[in-house]
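Listed here are the chains, written in short residue letters.
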Amino acid sequence: MTKPSEKEIEFAKGLEGVVATTTQVGSVDGTAGKLAYRGYDVNDLAEHSTYEETVYLLLYGALPTRSELAGFTDKLVGYRTVPEEALARIRDLPCPCHPMSMLRSGISLLECIDDACRIAENLESKQDAGIQLIGQMATLAAAISRILEQKPPVAPDPELSHAGNFLYMLSGRQPEPLAERVMDIALILHADHGMNASTFASMVVASTLSDIHSAVSSGIATLKGSLHGGANERVIRMLEQFSTPEEALAYVDKAMENKEKIMGFGHRVYKTYDPRARIFQRYARDLSELTGDMKLYNVAEAIEKKVVATLGHKGILPNVDFYSGIIYHALGIDATLFTPIFAVSRVAGWVARIMEYLENNRLFRPRAVYVGPEDLPYIPIDQRG
Ligand code: ACO
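Attention in this report is confined to the structure presented alongside it. (Residues numbered from 1 in each chain as written. Predicted model: local features only at pLDDT ≥ 70, side-chain atom pairs only at ≥ 80, totals over all residues. Heavy atoms only, no water.)

A word on the overall build of the protein. Secondary structure summary: the protein contains 17 helices and 3 strands in total. The C-alpha radius of gyration of the protein comes to 22 Å, within 12% of the 21 Å expected for a compact globule of 385 residues. A principal-axis box enclosing the C-alpha atoms of the protein has dimensions of 70 × 60 × 45 Å. Burial statistics for the protein: of 385 residues in total, 49% are counted as buried. Of the contacts formed within the protein by residues at least 6 apart in sequence, a portion of 75% connects residues at least 24 apart. Per element, the accessible surface of the protein, about 19,200 Å² overall, is 52% carbon and sulfur. (Helix = DSSP H or I, 4+ residues; strand = E, 2+ residues; numbered from the N terminus. Rg over C-alpha atoms; globule rule 2.2 N^0.38 Å. Buried < 20%, exposed > 50% of the residue type's maximum accessible area, 1.4 Å probe, protein only. Contact = heavy atoms within 4.5 Å. Areas by Shrake-Rupley, 256 points an atom, 1.4 Å probe, with all protein chains shown as cover.)

What follows is the structure, given as C-alpha cells:
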C-alpha cells in the first residue's frame, strides 16, 4: 500500500481549531474580539472587579457575595507565605538564570518541601493546593526579583490586596493607589484565556493525574516562550532600541522585508483587536503622560499604526503583550519580571481549568501520522558509513 504524502494528510498543525473539551471557565471570541470569564466581559471585570474576586469567579463559577469574598481573601492571604527553605534554595540556584526559570524551579521546590500538597489526592485537596499556589506565586516572583537585586525578600503584608502586596514585596514600599489599581487590572486581564499553550500544557500534565505543582510548573515552562507569554519582555526590548518613532518605522520595514515576526502582534484566535490590548494601551498612554516619559509609548503607537496598516488585513494586530510592558516599565518594574507577572496572574486560569477538567478527566493523547521510511533492515554499527 502506498503511503500518503505529507501534503495529502489532513491534520491541524499546532492543533489549530481542534476542540479537545468543553468548558464553562471562559470564552474567547476571536472574530468579535471578546473575552469573558464565566460569562462576564473582561472590560467589566477590569473596570469594576479585583483580582481576588476574579479568581473566585474563575474557580467557583459565580461572583462572590461580600462574605464569600472576605472568606476567600483570608484564605489567599493565609497562603501567601513561601517557606524560608524554598527561598534559601532559590538563592543557591547555580545561575544567574531567567526569573521564569527560577519561578518554575521554585514551584517544583514547593512541591518537594510541602508534604500536604504531595498527598493532595482528592479533587478538594488538589484545588486547595492550587489556591495555595495562587497565593504563593506572587510572593515567589517578588522574592526572585529581590534575590536578583541582591536584596532580602520582603515578607507579605496581610493588610494589602493581592496586587498591592505584590508591588510592596517587589519594592519594600507601600504602593501608590494608582499603581495598585493598575497592577490589579493587569492581573485581572491576564488571569485566563481559553485553551492557550500554557493552559493546555498544564491540563495535559494534570490529565495524567500528576500533582498540581507539576502541572503549574509546566504552565510556567510553556508561558516562558517568546511566542507566548515571553513576548511581553521581547516587546519592551524592541521598543527600547529606538530613540524616535522614525527609527522604529525603519525597523518595522526591515523586519517585514525579512519576513520576521514583530513581537506583540498576531494571535492564534484573535483576527481582530485583542480586547486586552485596547485596555492596556489606554493605561500605557495615561501612565506615560503621568510620568512625563512618552518615548516608549510614542514608539509603540507608531509601530502599531504601521503594522496594522500593512498586516492588519491578515488579522495581525496588537495582542495582550504589546502595551503591557510599557505599564510595568512606568511602575518601575524590571523587564525580566514581565513574564513572571503574567504567571502570577495566569496561575488562576491554570488551576480553574485543571480542576474543571479533572471532574471528568480523560488523558490527553493526540496522534501524529508517521511519514518516515518503514521496514528498514537493521545495519550493524561497523557496516554503517
Ligand atoms: N509579525 C509579522 N508576521 C506575523 C506575526 C507577527 N507578529 N504573527 C504572525 N505573522 C504571520 C506569519 O509570518 C505567517 O505569515 P505567512 O502566512 O506569510 O507565512 C502568518 O502570519 C501566520 O503566522 P503563524 O505563526 O502560523 O500564526 P499562529 O496563529 O501560529 O501564531 C502567534 C500566533 C504565535 C502569536 C504569532 O502571531 C506570533 O508569533 N506573534 C509574535 C509573538 C507574540 O507576540 N506572541 C504573544 C501572543 S499572545 C500570548 O500568547 C500571550
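This part is about helix 10 (residues 197-207). Of the residues making up helix 10, those classed as buried are Ser 198, Thr 199, Ala 201, Ser 202, Met 203, Ala 206 and Ser 207. Buried residues along helix 10 sit in contact with helix 11 (212-223) and helix 17 (338-358). Positioned one or two residues after helix 10, Leu 209 has a phi angle of 70°, which is positive.

What follows covers the sheet that holds strand 1 (residues 26-29). Strands sit in the order 1-2-3 across an open sheet of 3 strands; the sheet is antiparallel. The open sheet has two edge strands with one neighbour each: strand 1 and strand 3 (40-41). In this sheet, strand 2 (residues 34-37) lies alongside strand 1 in antiparallel orientation, the contact comprising 4 bridges. Within strand 2, the residue paired with Ser 27 across the bridge is Ala 36. (Pairing = 2+ DSSP bridges.)

Contacts to the ligand come from 20 residues, most closely from His 228, Lys 261, Ile 262, Gly 264 and Phe 265. One of the side-chain N or O atoms of Asn 319 is found 2.9 Å from an oxygen atom in the ligand. Coverage of the ligand by the protein amounts to 69% of the 920 Å² it exposes when considered alone. Across the shell around the ligand, the residue classes tally to 9 nonpolar, 6 polar and 5 charged. (Near = heavy atom within 4 Å. Polar contact = N/O pair within 3.5 Å; in protein donor to acceptor, adjacent residues only side chain to side chain. Nonpolar A, V, L, I, M, F, W, Y, C, P; charged D, E, K, R; others polar.)

Turning to the pairing of strand 2, a few remarks are in order. Hairpin connection from strand 1 to strand 2: 4 residues lie between these consecutive antiparallel strands, with Gly 33 at a positive phi of about 70°. Pairing between strand 2 and strand 3: 2 bridges, direction antiparallel. For Tyr 37, the partnering residue across the bridge sits in strand 3 and is Tyr 40. The antiparallel pairing of strand 2 with strand 3 creates a hairpin that spans 2 residues between the two strands, and Arg 38 there sits at a positive phi of about 50°.

Let us look at the nonpolar core. Counting residues in hydrophobic clusters, the biggest one holds 108 residues, and the most contacted among them are Val 216, Leu 239 and Ile 303. Among the elements that line this core, the one with the most residues is helix 17, at 14 residues. Those residues in contact with Leu 239, other than ones at most four positions away along the chain, are Leu 296, Val 299, Ala 300, Ile 303 and Ile 326. (Core = buried A, V, L, I, M, F, W, Y, C linked by side-chain atoms within 4.5 Å.)

Further remarks concern the pattern of salt bridges. On inspection of all chains with the given rule, the structure shows 10 salt bridges. Here Lys 151 makes a salt bridge to Glu 149, at a shortest N to O gap of 3.4 Å. Taking relative accessible area as the criterion, Lys 151 reaches 39% and is therefore assigned partly exposed. Exposure remark for Glu 149: the relative accessible area of 39% places this residue in the partly exposed category. (Salt bridge = Lys/Arg side-chain N within 4 Å of Asp/Glu carboxyl O.)

Bringing the packing of aromatic side chains into the picture now. What characterises a pair of aromatic rings is the spacing of the ring centres plus the angle enclosed by the ring planes. For the coordinates displayed, the defined rule picks out 10 aromatic pairs. Pairwise contacts between aromatic rings join Phe 265, Tyr 297, Phe 322 and Tyr 323 into one cluster. (Phe/Tyr/Trp six-rings, centres within 6.5 Å; stacked < 30°, edge-to-face > 60°.)

The N-to-C vectors of helix 4 (residues 84-91) and helix 5 (residues 99-113) enclose an angle of 140°; their axes lie 10 Å apart at closest approach. Judged by the inter-axis angle, helix 4 sits oblique to helix 5. When you trace helix 4 past helix 5, the crossing you get is right-handed. In this structure, helix 4 uses Glu 85, Ala 86, Arg 89 and Ile 90 to contact helix 5, whose residues at the interface are Met 102, Gly 106, Leu 109, Leu 110 and Ile 113. Grouping the constituent residues of the contact of helix 4 with helix 5 by class yields 6 nonpolar, 1 polar and 2 charged. (Axes fitted to C-alpha atoms, helices over the stretch in contact; angles between N-to-C directions. Parallel < 35°, antiparallel > 145°, perpendicular 65-115°, else oblique. Left-handed = near helix turned anticlockwise from the far one by under 90°.)

Next up on the list: the packing of helix 5 against helix 7 (residues 123-148). The N-to-C vectors of helix 5 and helix 7 enclose an angle of 130°; their axes lie 10 Å apart at closest approach. As far as their axial angle goes, helix 7 and helix 5 are oblique. In this structure, the crossing between helix 5 and helix 7 has a hand that is right-handed. On helix 7, the residues touching Pro 99, Met 102, Leu 103, Gly 106, Ile 107 and Leu 110 of helix 5 are Leu 133, Gln 136, Met 137, Leu 140, Ala 141, Ile 144 and Leu 148. Its residues assigned to classes, the contact of helix 5 with helix 7 comprises 11 nonpolar, 2 polar and no charged.

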